[in-house]
Amino acid sequence: LFLAVCAVGIGGTFQYGYNVSIINSPTQHIHKFLNETWTSRYQKELNPDLLTFLWSVIASIFSLGGLCGALIGGSMAIRLGRKGALLMNNIIAILASILMGISFPTGLFELLIAGRFLIGINSGIGFCVQPLYIGEVAPKHLRGGLAMGTSIFLTGGILTGQIIGLRQEMLFFSPVLELLGGEKHWPLLLSSSCVPALAQLLFLPWFPESPRYLLIDRGDELSCAKALKRFHGSSEYRREMEDIQRECFALDGEKPKKPWQLFTDRGVRWQLITVIVMTMGQQLSGINAIYFYATYVFEQAGILAEKIPYVTLGTGVCECLTALSCGLLIDRVGRRYLIIGGYLLMTLWCTVLTFSLTYQELYSWVPYLSMTCVFAFILSFGLGPGGITNTLTAELFVQSSRPAASMIAGTVSWISFFTIGMIFPFIVNGLKQYCFVVFLLECFFVAAFIFLIIPETKNKSFLEIKKEFHKLNFGRSA
């Protein structure tokens, strides 16, 4: 099971985190490439406003691709299977890598835009399908920890992108060399997305398809039994087989639903509302504001400008470690305690950070308090909403509704990601450090919603979780 999670994660959410991260390092080199290409093509300088627009397109079209990927990810998971959808998704990543890699030698920045769009589609599909596969192959007593593989590989991708994109002196070589963040190597950096894709194409075929998909969607009981034996062993697979058969019997041949059908289905009303609130809450929680202010906070704490990228790397390490910690705790502590605790702690750190940024010049120790708040917020996010949101999305629905719910969650996530990217600069410019008041209110609201609505899902089957929500959807007397 652990190896299956690794094989799925390397070409799934790892790609998402990696491609979000690596675009930041070669910003200046891509600007230079755009200027040189435009000058050689049209024999005139590129207008600064147009340069800003082209760079914005290159950076943001990834989100548009992710949205498109989320919209088709569920359908691919139904038609091709969870494993088949992930394998096919790697073809998109390899094509994107080729386009981004040849954009510089061919002098066509349009290929760079197309490549970023395609890798966005790849990330959207992976972000949608990977939690489905992991949630369906894991036994209920390990489901939380294994489902955290989604967040662990996402944060691992971000950290890997930060490390590879560093421009640093490697003192043990002469002359001074750079990692892939250097001017000559940025096309290789962007096209390196093909490495995780090739790794998944190499390793994932050795693992079975999702047993639930095989029995409930395909009606192939023999293949389901073989897959369960591979995952759980010959002595333990019968218990999982009985659980899947109970769910199959309860669904009574119900076909996979379309996303729009969930909005009119009273039986999943509160599950759907929960997923939308949690997904929006995760993206709008203020984590982007924390990263925006991180450089300023580190500067005020007296860290040299050339050392700040390495301190920022520490925030990536923090996220990765908290995702791992959450994976170890989730099946012991439970989902509710971790996600509610995470949001309440984030509310606290937003409050403290608002005051510390306001009185930054008053006392010499205040900048260090701000720096502590930055790391504490990231730790709280990783232990709570950063990891548990995707786990709960896969747990709250039965087989017929899960792919459609995953599509809706992915769509909301990408729209929220794009929206916060568009309005965040205006929020910061208008409110300055008081922008964290908005985020602390949002964190408190989401914590209150989860406390009042979401039951604990630890060690419960999908049918048992459905029964818990049945009371909310149809009233206590139902």
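Residues numbered from 1 in each chain as written. Predicted model: local features only at pLDDT ≥ 70, side-chain atom pairs only at ≥ 80, totals over all residues. Heavy atoms only, no water.

The name an unreviewed UniProt entry gives the chain is GTR11 protein, with Origma solitaria as the organism. Reading the Sequence similarities (unreviewed entry) entry of the UniProt record for the chain gives the comment "Belongs to the major facilitator superfamily. Sugar transporter (TC 2.A.1.1) family." Listed in UniProt under the heading Subcellular location (unreviewed entry), the comment for the chain reads: "Membrane". (UniProt positions renumbered as here; feature names shortened; annotations may be inferred.)

A.B. asks: I tried to follow the domain arrangement of the chain on my own but got confused; where do I start?
C.D. replies: Looking at the chain, the domain boundaries give domain 1 (1-172 + 180-207) and domain 2 (254-477). Between domain 1 and domain 2, the C-alpha centre-to-centre distance is 22 Å. Across the boundary between the two partners, domain 1 contributes 40 residues, which contact 43 residues of domain 2. Both faces combined, the contact of domain 1 with domain 2 buries some 3400 Å², and carbon together with sulfur accounts for 67% of it. Linking domain 1 with domain 2 are 2 salt bridges, by the criterion used here. For E136, the salt bridge goes to R402, with nearest N and O atoms at 3.1 Å. The interface formed by domain 1 and domain 2 contains 9 residue pairs in polar contact (both at pLDDT 80 or more). Those elements giving two or more residues to the side of domain 1 that touches domain 2 turn out to be α4 (48-79), α6 (109-137), α7 (143-147) and α8 (149-164). (Domains from an automatic or database assignment. Contact = heavy atoms within 4.5 Å. Buried area = accessible area lost by both parts, 1.4 Å probe. Salt bridge = Lys/Arg side-chain N within 4 Å of Asp/Glu carboxyl O. Polar contact = N/O pair within 3.5 Å; in protein donor to acceptor, adjacent residues only side chain to side chain. Helix = DSSP H or I, 4+ residues; strand = E, 2+ residues; numbered from the N terminus.)

A.B. asks: Would you mind showing me how to read the pattern of salt bridges here?
C.D. replies: Where charged atoms from two side chains of opposite charge come close, those side chains can pair. Applying the stated rule across the entire model yields 13 salt bridges. Two residues, R82 and E136, come together in a salt bridge whose shortest N-O distance is 2.8 Å. Pair noted here: R82 is in helix α5 (residues 82-106) and E136 is in helix α6, with a separation of 54 residues, a long-range link. E136 sits in the buried class, given a relative accessible area of 3%. (Buried < 20%, exposed > 50% of the residue type's maximum accessible area, 1.4 Å probe, protein only.)

A.B. asks: When you look at helix α3 (residues 27-42) in this model, what are you seeing that I'm missing?
C.D. replies: An α-helix turns once per 3.6 residues; consequently, residues spaced three or four apart project the same way. Relative to the 22 Å expected for 16 residues at 1.5 Å per residue, α3 spans 22 Å between its end C-alpha atoms, a close match to the ideal helical length. Inspection of α3 places T27, H29, I30, F33, L34, T37 and W38 among the buried residues, and these make up the whole buried set. Looking down the long axis of α3, one finds its buried residues gathered within 165° of arc, a one-sided arrangement. Turned more than 90 degrees off the buried face of α3, the exposed positions are Q28 and S40. Check the buried side of α3 and you find it contacts α4, α5, α6 and α9 (186-191). (Expected span 1.5 Å × (residues − 1). Arc of directions from axis to C-beta.)

A.B. asks: How should the packing of helix α19 (residues 366-383) against helix α20 (residues 385-395) be read in this particular structure?
C.D. replies: Two quantities define a packed helix pair, namely the angle between the helix axes and the distance between the axes. α20 packs onto α19 with a crossing angle of 15° between their chain directions and a minimal axis gap of 4 Å. Taken together, α19 and α20 sit at an angle that is classed as roughly parallel. Two secondary-structure elements touch here, α19 through S380, F381, G382 and L383 and α20 through P385, G386, G387 and I388. The class makeup of the residues in the contact of α19 with α20 is 4 nonpolar, 4 polar and no charged. (Axes fitted to C-alpha atoms, helices over the stretch in contact; angles between N-to-C directions. Parallel < 35°, antiparallel > 145°, perpendicular 65-115°, else oblique. Nonpolar A, V, L, I, M, F, W, Y, C, P; charged D, E, K, R; others polar.)

A.B. asks: Just checking my understanding: could you explain a nonpolar patch on the surface for this structure?
C.D. replies: Where nonpolar side chains cluster on the molecular surface, the patch consists of F355, Y359, L362, Y363, W365, Y368 and L369 and spans about 800 Å² of accessible area. Structurally, L369 can be placed in helix α19. (Patch = residues over 30% accessible without salt bridge, like charges linked within 9 Å, V, L, I, M, F, W, Y side chains within 5 Å. Areas by Shrake-Rupley, 256 points an atom, 1.4 Å probe, with all protein chains shown as cover.)

A.B. asks: Before we go on, may I ask you to explain the side chain of N390 in this structure?
C.D. replies: Within the secondary structure, N390 sits in helix α20. Every residue in contact with N390, bar those within four places of it in the chain, is listed here: F127, T150 and S151.

A.B. asks: Help me understand the packing of aromatic side chains in this model?
C.D. replies: The way to describe two aromatic rings as a pair is by their centre distance and the angle between their planes. Going through the model one piece at a time under the given rule, you end up with 13 aromatic pairs. Between the aromatic rings of W414 and F417, the centroid separation amounts to 6.0 Å while the plane-to-plane angle is 85°, which identifies the pairing as edge-to-face. Placement of both W414 and F417 in helix α21 (residues 402-431) is noted, with a separation of 3 residues, approximately one turn of the helix. Residue classification places W414 among the buried residues on the basis of a relative accessible area of 2%. With centroids separated by 6.3 Å and ring planes inclined at 65°, the aromatic side chains of F436 and F439 adopt a geometry described as edge-to-face. Separated by 3 residues within a single helix, F436 and F439 lie in helix α22 (residues 435-453), roughly one turn from each other. Residue classification places F436 among the buried residues on the basis of a relative accessible area of 0%. The buried category is assigned to F439, whose relative accessible area is 4%. An aromatic cluster is present here, built from Y16, F62, F127, W414 and F417 joined pairwise through their rings. One Lys or Arg, R143, reaches over the ring of F462 and ends 4.6 Å from the middle of that ring. (Phe/Tyr/Trp six-rings, centres within 6.5 Å; stacked < 30°, edge-to-face > 60°. Lys NZ or Arg CZ within 6 Å of the ring centre and 35° of its normal.)

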